[in-house]
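Listed below are the residues making up each chain.
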Amino acid sequence: MADTVDSLVARVHELLVVHLTQGPEAPAEQDVLASLGRSFLGAPRRVDVAAGLHDLIARAGALGPDGSWLVAAGHASLAGAAVAGGRADQALFHLDAAVTAGFNDCVALHADPVRPLHRDPRFRALYGRMRITQADLDEFFWLHGEMQTMSRDARDASVDNVGRLDTGVSPLPQAPMPTREPDTPGVLVTRIDLAAIQTALQQVLIKAEFQRSAGNTSLSLIDDTWDLPRARQDARYADEADLRRRRAAEARAFVERPGAGTVLAPCPPLGSLTYPA
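Residues numbered from 1 in each chain as written. Predicted model: local features only at pLDDT ≥ 70, side-chain atom pairs only at ≥ 80, totals over all residues. Heavy atoms only, no water.

**Student:** Describe the overall build of the chain, with residues and values.
**Tutor:** The secondary structure content of the chain amounts to nine helices and two strands. From first element to last, N terminus to C terminus, the chain shows the α and β order α-α-α-α-α-α-β-α-α-α-β. In the chain, which comprises 277 residues, the proportion classed as buried is 49%. Long-range contacts, defined here as pairs at least 24 residues apart, represent 82% of the contacts in the chain between residues at least 6 apart. By element, 56% of the accessible surface of the chain is carried by carbon and sulfur atoms, the whole surface being about 13,400 Å². (Helix = DSSP H or I, 4+ residues; strand = E, 2+ residues; numbered from the N terminus. Buried < 20%, exposed > 50% of the residue type's maximum accessible area, 1.4 Å probe, protein only. Contact = heavy atoms within 4.5 Å. Areas by Shrake-Rupley, 256 points an atom, 1.4 Å probe, with all protein chains shown as cover.)

**Student:** Please set out the confidence of the model for the chain residue by residue, giving values where relevant.
**Tutor:** Of the residues in the chain, 86% reach a pLDDT of 70 or more, and the chain-wide mean stands at 87. pLDDT under 50 marks residues 24-44. Its contacts with residues more than four places away, or in other chains, come to 47 contacts. (pLDDT = per-residue confidence, 0-100.)

**Student:** Please give an account of helix α9 (residues 228-251) that cites residues and values.
**Tutor:** Along an α-helix, residues three or four apart share an orientation, since each turn contains 3.6 residues. Between its first and last C-alpha, α9 extends 35 Å over 24 residues, near the 34 Å set by a 1.5 Å rise per residue. The set of residues buried in α9 consists of A231, D234, A238, A241, D242, R245 and A249. (Expected span 1.5 Å × (residues − 1).)

**Student:** I'd love a proper account of the pattern of salt bridges, names of residues and values included.
**Tutor:** Under the counting rule described, the total for this entry stands at 14 salt bridges. Across the pair E139 and R180 runs a salt bridge, and its minimum N-O distance is 2.7 Å. One end of the pair, E139, is in helix α7 (residues 134-160); the other, R180, is in the loop between α7 and α8 (186-222), with 41 residues separating them in the sequence. Of the two residues, E139 and R180, both sit in the buried class. Where salt bridges share partners, they join D136, E139, R180, D183, R191 and E256 into one cluster. (Salt bridge = Lys/Arg side-chain N within 4 Å of Asp/Glu carboxyl O.)

**Student:** Can you explain helix α1 (residues 5-22)? Please cite residues and give values.
**Tutor:** The terminal C-alpha atoms of α1 lie 26 Å apart, and with 18 residues this matches the ideal 26 Å at 1.5 Å per residue to within 8%. Turning to α1, its buried residues number three or more, namely L8, V12, L15, L16, V17, V18, H19, L20, T21 and Q22.

**Student:** Hey, could you go over the packing of helix α3 (residues 49-61) against helix α4 (residues 68-84) for me, with residue numbers and the actual values?
**Tutor:** At a closest axis distance of 8 Å, the pairing of α3 and α4 adopts a crossing angle of 160°. The angle between the axes of α3 and α4 places the two elements in the roughly antiparallel class. The two elements α3 and α4 cross, and the hand of that crossing is left-handed. Taken together, the residues of α4 that come into contact with α3 (itself represented by A50, L53, H54, L56, I57, A60 and G61) are L70, V71, G74, H75, S77 and L78. (Axes fitted to C-alpha atoms, helices over the stretch in contact; angles between N-to-C directions. Parallel < 35°, antiparallel > 145°, perpendicular 65-115°, else oblique. Left-handed = near helix turned anticlockwise from the far one by under 90°.)

**Student:** A description of the packing of helix α5 (residues 88-100) against helix α6 (residues 121-129) should follow, citing residues and the corresponding values.
**Tutor:** In contact at an axis separation of 10 Å, α5 and α6 are set at 15° when each is read in the N-to-C sense. By the criterion of interaxial angle, the relationship of α5 to α6 is roughly parallel. Of the two possible hands of crossing, α5 and α6 adopt the one that is left-handed. Two secondary-structure elements touch here, α5 through D89, L92, L95, D96, V99 and T100 and α6 through R122, F123, L126 and R129. Each residue belonging to the contact of α5 with α6 can be placed in one class, and the counts come to five nonpolar, one polar and four charged. (Nonpolar A, V, L, I, M, F, W, Y, C, P; charged D, E, K, R; others polar.)

**Student:** So what about the state of the cysteines? Which residues, and what values?
**Tutor:** For the structure shown, the criterion picks out zero disulfides. Summary of cysteine pairing: C106 is not part of a disulfide, and the nearest cysteine sulfur, belonging to C267, is at 3.7 Å. (Disulfide = S-S within 2.5 Å.)

**Student:** Can you tell me about the nonpolar core, naming the residues and giving the values?
**Tutor:** A general trend in soluble globular proteins is that nonpolar side chains are found buried together. One finds F103 and F123 to be the most contacted residues of the largest nonpolar core, which totals 63 residues. Secondary structure elements with two or more residues in this core: α1, α3, α4, α5, α6, α7 and α8. The greatest single-element share of this core, amounting to 10 residues, is contributed by α4. Those residues in contact with F103 that lie beyond four places of it in its chain are A72, A76, L95, A98, L109, M130 and V189. (Core = buried A, V, L, I, M, F, W, Y, C linked by side-chain atoms within 4.5 Å.)

Structure representation (structure tokens):
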């Protein structure tokens, strides 16, 4: 079957989810995924994510201009893995190729793992080639902020669910993805990154929730020491927490700032941005 943009979007999403849940070389801000994945998913399924991304780049390139932003997504992901692995030259090679293909997420390039590259003249040169609009910059900040919020919510939920005696399952609510038409295709790359993080966190937590629920169901059937009143209390608390998280996620939906500019301009000076905490 011939490749399409939609089929390759699904493929890069799949590869990023595997990378996030199997753990090796995950960036520092995504460490929660690696630790939760190892705890709840068991031995990772062995997938050569790097080979998959190289294949994706080749296939996306064959689509011509329509696939260029997916080429950027593939190279940006390989650059992230290289940064995490301390391979600066390889990271710069892939970043340069990503920028050539349309990558312009200057917010991502201010995350702590990337900052050591700021001193390299090759990095400064590729950063200077990127162009962005104020409206897209606003969304980049929201997308990365949501990545951090989702990771915190996952940690909080995993702690809250420890010791629950009820048999309910609590999914992790997610803020809706922005639907505005971006001014630059680089925004689409970071939307895939956020979607992959949302999926990976949801997979890990749902797996853990089903394991806990199944264990409590077994106890209720075979062990007369199971505390039914406590289980009912835990279920009420969980329902209240789920409602709070769902409302909070809905309230975090991206809202375009009135008057945000849509004219292409150089990215803010290197070092002037603060990555969302």
